[in-house]
Amino acid sequence: MTTETERLEGLWSGEFGDEYVDRNLGSYEVRAPFWRALTDELAPAGVLEVGCNVGGNLQWMAGAVPPEQTFGVDVNRKALELMEARIPGVQAVLGSARTLPFDDASIDLVFTMGVLIHQPEESLPAVMDEMVRVSRRYLLCGEYFDTSTVEVAYRGHEGALFRRDYGALFESRFPDELEFVRKGFLGRDAGWDDITWWLFRRR
């Protein structure tokens, strides 16, 4: 029997995910100010984007972080192939966010942008656990916010998008591992679809 997690990973790794790639290729060009300012501030020696798609975020960090320490994980093969073409030397990894193939505390900055929103209740804790496990210095997530879990219809699919208070979820699940730094908002003028982001420091 296929679990909800397996169903959604199959959705994103297949034709539905390929269509997302094609639909959003032109939406990343105005994101540079956010990522360059963050990279300058945190000065990470390595970065990992969980659910990187075509590298629309990583492309703005690649100049400050060595390509051999710039990692992107995704379940969609087409997206990763495009990322490798867009960012020479980037480390593209085909795999699930639930089982990240990295050592504990091995990457300075681990982040998601619009990825946790697509995790069902059964897989969200595992993805969060993996992000924290791999992070050495910082963790950042940028997602759709709501004060409670609210499912949103997404392109004809049920159970595929959830607004939540992701910052509160990280704080309550990892009180001994994470220290809240700050949060902010990124709107459509900055190249995002109205997301809230939270930055944490590893204790």
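Shown above is the structure to which this text applies.
Residues numbered from 1 in each chain as written. Predicted model: local features only at pLDDT ≥ 70, side-chain atom pairs only at ≥ 80, totals over all residues. Heavy atoms only, no water.

**Q** Go over the layout of surface pockets with me, naming the residues and quoting the values.
**A** Here the idea is plain: a probe the size of a water molecule rolls over the atoms and shows the empty space left. Approximately 860 Å³ is the volume attributed to the largest pocket. Taken together, 41 residues form the lining of the largest pocket, with Trp12, Tyr20, Met113, Gly114 and His118 sitting closest to its centre. Of all the secondary structure elements, the ones that give two or more residues to the lining of the largest pocket are helix 1 (4–13), helix 2 (15–24), strand 1 (47–50) and strand 2 (70–74). Its residues assigned to classes, the lining of the largest pocket comprises 18 nonpolar, 16 polar and 7 charged. (1 Å grid on protein atoms, 1.4 Å probe; cavity = no way out; pocket = protein on both sides within 12 Å on 5 of 7 lines; lining within 4 Å. Points joined across faces, edges and corners; volume = space filled by probe spheres on them. Helix = DSSP H or I, 4+ residues; strand = E, 2+ residues; numbered from the N terminus. Nonpolar A, V, L, I, M, F, W, Y, C, P; charged D, E, K, R; others polar.)

**Q** Let's hear about the packing of helix 5 (residues 124–134) against helix 6 (residues 166–173): which residues, and what values?
**A** Running from N to C, helix 5 and helix 6 cross one another at 70 degrees; their axes reach a closest spacing of 11 Å. The angle between helix 5 and helix 6 places the two elements in the roughly perpendicular class. Of the two elements, helix 5 crosses helix 6, and the hand of that crossing is right-handed. Here Leu124, Pro125, Met128, Asp129, Met131 and Val132 of helix 5 lie close against helix 6, whose contacting residues are Tyr166, Leu169, Phe170 and Arg173. Taken together, the residues that form the contact of helix 5 with helix 6 break down as 8 nonpolar, no polar and 2 charged. (Axes fitted to C-alpha atoms, helices over the stretch in contact; angles between N-to-C directions. Parallel < 35°, antiparallel > 145°, perpendicular 65-115°, else oblique. Left-handed = near helix turned anticlockwise from the far one by under 90°. Contact = heavy atoms within 4.5 Å.)

**Q** Can you tell me about the environment of Val132, naming the residues and giving the values?
**A** Looking at the element boundaries, Val132 is found in helix 5. Here Val132 falls in the buried class, since its relative accessible area comes to 4%. Taking the C-alpha atoms as reference points, Val132 and Ala105, 27 residues apart in sequence, are found 8.0 Å from one another. Excluding residues within four positions of it along the chain, Val132 makes contact with Leu139, Phe170, Phe174, Glu177, Leu178 and Arg202. (Buried < 20%, exposed > 50% of the residue type's maximum accessible area, 1.4 Å probe, protein only.)

**Q** If you had to explain the pattern of salt bridges to someone new, which residues and values would you point to?
**A** Inspection of every chain in the model, using the stated rule, returns 14 salt bridges. Notably, a salt bridge pairs Asp194 with Arg188, separated by 3.6 Å at the nearest N-O pair. Judged by its relative accessible area of 34%, Asp194 is partly exposed. By relative accessible area, which is 60% here, Arg188 ends up exposed. A single salt-bridge network, built from bridges that share partners, covers Asp104, Glu130 and Arg133. (Salt bridge = Lys/Arg side-chain N within 4 Å of Asp/Glu carboxyl O.)

**Q** Hey, could you go over the packing of aromatic side chains for me, with residue numbers and the actual values?
**A** Taken as a whole, this structure holds 14 aromatic pairs when the rule is applied. With 6.3 Å between their ring centres and 45 degrees between their planes, Phe145 and Trp198 make a pair best called tilted. With Phe145 in the loop between strand 5 (135–143) and strand 6 (150–151) and Trp198 in strand 9 (residues 195–202), this residue pair connects regions lying 53 residues apart in the sequence. Owing to a relative accessible area of 2%, Trp198 belongs among the buried residues under this scheme. Taken together, the aromatic side chains of Phe34, Trp35, Phe111, Trp192 and Trp197 make up a single cluster linked through ring pairs. (Phe/Tyr/Trp six-rings, centres within 6.5 Å; stacked < 30°, edge-to-face > 60°.)

**Q** Talk me through the packing of helix 2 against helix 4 (residues 77–86); I want residue IDs and the actual numbers.
**A** Relative orientation of the contacting elements helix 2 and helix 4 amounts to 35 degrees, with a least axis distance of 8 Å. Touching Asp18, Val21 and Asp22 of helix 2 are Lys78, Ala79 and Leu82, all from helix 4. Partitioned by chemical class, the residues of the contact of helix 2 with helix 4 number 3 nonpolar, no polar and 3 charged.

**Q** For the nonpolar core, give the residues involved together with the corresponding values.
**A** Formed by 62 residues in total, the largest nonpolar core has its most connected members in Trp35, Leu48, Leu140 and Phe170. At 6 residues, the largest contribution of residues to this core is made by helix 5. Apart from the residues lying within four places of it in its own chain, the contact partners of Leu140 are Phe34, Trp35, Leu38, Leu109, Val110, Phe111, Thr112, Met113, Met131, Trp197, Trp198 and Leu199. (Core = buried A, V, L, I, M, F, W, Y, C linked by side-chain atoms within 4.5 Å.)

Nothing here speaks to function; it is all geometry.
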